[in-house]
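Understanding the architecture of this molecule
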Amino acid sequence: MNEIASKGQLRLSYLRWALFVVPAIVFLGFLMSRISNAGFGNLWFDTLVKPSIMPPGLAFPIVWSILYVLMGLALSVVLDARGAKGRGVAVLLFLAQLACNLAWSPLFFASHKVTAALYLIILMLILATATTLAFRRIRRIAAWLMVPYLCWLGIACGLNYEIRRLNPDAETLVAPTLRTQI
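Report follows, based on the coordinates. (Residues numbered from 1 in each chain as written. Predicted model: local features only at pLDDT ≥ 70, side-chain atom pairs only at ≥ 80, totals over all residues. Heavy atoms only, no water.)

1. What about the side chain of asparagine 42?
Cut-off, in case you're wondering: Only DSSP runs of H or I reaching four residues or more are called helices, and only runs of E reaching two or more are called strands; each is numbered from the N terminus. Residue contacts are counted whenever heavy atoms from the two residues lie within 4.5 Å of one another.
Looking at the secondary structure, you find asparagine 42 in the loop between helix 1 (7–35) and helix 2 (43–47). Excluding anything up to four places from it in sequence, asparagine 42 contacts Ser36, Asn37 and Phe109.

What follows is the structure, encoded as structure tokens:
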């Protein structure tokens, strides 16, 4: 027997990473969304003029859940590539773009900082692209798992830009209060 670990043991190592990383990333995304009251149903957001290309509200939690799973799988592939050159840099880039990702919803939906959120999502897109390129050097499958996220970030960046353009007063807009009539 000349191998250090069998193929089954190697798969199990990846599975252990995935079973920890994927739920953690999905949970963090869900938590930040809930904390910031992200999406439709947020009174401030509902009052904004939306671009005509805005997907339906139901699309966002579905798409983000899928993207967080894919991102978690991609990170798991890279974490499992012990000894790979550039692995540490790739993981740091991933964590930096994830931090930007998790900060975007509170900045946009809770703080109403549309312009700052636009700059943040541009930074996120740059970091996610760098992450994907770094992942590619380690495992091509990890890079391919990041591609849908890059595409969605491009769409989200365009939506953020359009919301900013259509709502120049968005940052000072006060959401209507809920009223109950008896």
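2. Some thoughts on the packing of aromatic side chains
Going by this rule: Put simply, two rings from Phe, Tyr or Trp (the six-membered ring, in Trp's case) pair if the centres are within 6.5 Å, and we call them stacked under 30 degrees between planes, edge-to-face over 60, tilted for the rest. Think of it as a cone above the ring: NZ of Lys or CZ of Arg counts as a charge over the ring if it is within 6 Å of the ring centre and within 35 degrees of the ring normal.
Going through the model one piece at a time under the given rule, you end up with 12 aromatic pairs. Here the aromatic rings of tryptophan 64 and tyrosine 149 are separated by 6.1 Å at their centres, their planes lie at 70 degrees, and the arrangement is edge-to-face. Of this pair, tryptophan 64 sits in helix 3 (residues 59–80) while tyrosine 149 sits in helix 6 (residues 140–166); the two residues are 85 residues apart in sequence, bridging distant segments of the chain. Aromatic rings pair up to connect Phe40, Trp44, Phe45, Phe60, Trp104, Phe108, Phe109 and Trp152 into one cluster. Cation over ring: lysine 50 sits above phenylalanine 45, and NZ or CZ is 4.5 Å from the ring centre.

3. As for the side chain of serine 36
Selection criterion: Each residue gets one of three labels from its accessible area relative to the maximum for its type: buried under 20%, exposed over 50%, partly exposed in between, using a 1.4 Å probe on protein chains only.
Residue position: serine 36 is located in the loop between helix 1 and helix 2. Residue classification places serine 36 among the buried residues on the basis of a relative accessible area of 3%. Each residue touching serine 36, except ones within four places of it in the same chain, is listed here: Asn42, Ser105, Pro106, Phe109 and Ala110.

4. Thoughts on unusual backbone geometry
Within the chain, asparagine 37 stands out as a residue other than glycine whose phi angle is a positive 55 degrees. Locating asparagine 37 in the fold gives a position in the loop between helix 1 and helix 2. On the basis of relative accessible area, asparagine 37 is assigned to the partly exposed category, the value being 43%. Positive phi outside glycine occurs at histidine 112, with the angle close to 60 degrees. In this structure, histidine 112 sits in the loop between helix 4 (87–110) and helix 5 (114–138).

5. Side note on the layout of surface pockets
Applied cut-off: Both cavities and pockets are sets of points on a 1 Å grid over the protein atoms alone; in a cavity a 1.4 Å probe fits but cannot get out, in a pocket the set is open with protein on both sides within 12 Å along at least five of seven lines, and lining residues sit with an atom within 4 Å of a point. Grid points are joined across faces, edges and corners, and a volume is the space filled by probe spheres set on the points. Residue classes follow a fixed rule: Ala, Val, Leu, Ile, Met, Phe, Trp, Tyr, Cys and Pro count as nonpolar, while Asp, Glu, Lys and Arg count as charged, and any other residue, Gly among them, counts as polar.
Quantified by volume, the largest pocket comes out at close to 800 Å³. Together, 35 residues line the largest pocket, and Ser33, Ala38, Phe60, Trp64 and Ser105 are the ones closest to its centre. Broken down by secondary-structure element, the contributors of at least two residues to the lining of the largest pocket are helix 1, helix 3, helix 4, helix 5 and helix 6. Split by residue class, the lining of the largest pocket holds 23 nonpolar, 11 polar and one charged.

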